[in-house]
Amino acid sequence: MANISHHIPEALLVSYVGGTLPRPFAMVIAAHVSICEECRANLAAHETVGGALMDAFEPISVSDDLRNNVLAQLDDAFTPEPVRPRGDETYPAPVLEALGSKPPRWRSLGPGAKQCILESGKSGSVRLLYIAPGYAVPDHTHGGLELTLVLQGAFKDETGRFGRGDLEVADDDLEHTPIAEDGDPCICLAATDAPLKFSSFVPRLLQPMFRI
Ligand code: ZN
Ligand code: ZN
């Protein structure tokens, strides 16, 4: 069981439940939920509250039996399902689906870093990032929102340490340099809604080529 300390912020969970989150971000949230029991329970609670609000708009009289039955089912919704990793220990089900259950096709991003773009469109893009131990993702800021979920290994940046299952939420206020820890290579699922802005000259030149 992953020891997760960085979870889905409430506002993102609410957008996810409401179906208003762009697809690239929704995939990262779904991937986190599939490996985090705490957020899965929180999500179930939100879905139940959403359902209860819907019910409030259409008052109908029901028998006590039916009412108790429905209430008992609502209680059930709070019970998190056991974690069932599918396929392998690294890639959660939503990622495996996007990969078509095939291994990622990595493309080099320079020394120690590779990426595999899963989806890229108007609403943003979502990719797998591979960072070799001790290497960094080039220093950058964000034109919009960036969600990064660690699937293997760990990285550290200016805001803290992120291991398997941890979710980092970055926006245009944050300039950071994630560095992979020693040990396993760090593999992340990262979604962005605007191109990253690199602070140094060379990565900025490479940016159109890598669509990062
Ligand atoms: Zn969580
Ligand atoms: Zn970033």
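First things first, this report covers the structure right here in the doc. (Residues numbered from 1 in each chain as written. Chains lettered and ligands numbered in written order. Predicted model: local features only at pLDDT ≥ 70, side-chain atom pairs only at ≥ 80, totals over all residues. Heavy atoms only, no water.)

**Digging into the packing of aromatic side chains**
Then, number 1: Evaluation of the coordinates by the stated rule reveals 2 aromatic pairs.
Then, number 2: Ring geometry for F155 against F162: centres 5.1 Å apart, planes inclined by 20 degrees, an arrangement best described as stacked.
Then, number 3: Residue classification places F155 among the buried positions, given a relative accessible area of 2%.
Then, number 4: A relative accessible area of 3% means that F162 is categorised as buried.
Then, number 5: Residue placement shows K114 over the ring face of Y130; its charged tip is 4.2 Å from the ring centre. (Phe/Tyr/Trp six-rings, centres within 6.5 Å; stacked < 30°, edge-to-face > 60°. Buried < 20%, exposed > 50% of the residue type's maximum accessible area, 1.4 Å probe, protein only. Lys NZ or Arg CZ within 6 Å of the ring centre and 35° of its normal.)

**With respect to the pairing of strand 5 (residues 146-152)**
Then, number 1: Most of strand 5 sits out of view: 7 of its 7 residues are buried.
Then, number 2: Judged from the 4 bridges that link them, strand 5 and strand 8 (residues 167-170) form a sheet pairing that is antiparallel. Counted as the bridge partner of T148 is E168 from strand 8.
Then, number 3: Judged from the 6 bridges that link them, strand 5 and strand 10 (residues 186-192) form a sheet pairing that is antiparallel. Bridge assignment links V150 to a residue of strand 10, and that residue is C188. (Helix = DSSP H or I, 4+ residues; strand = E, 2+ residues; numbered from the N terminus. Pairing = 2+ DSSP bridges.)

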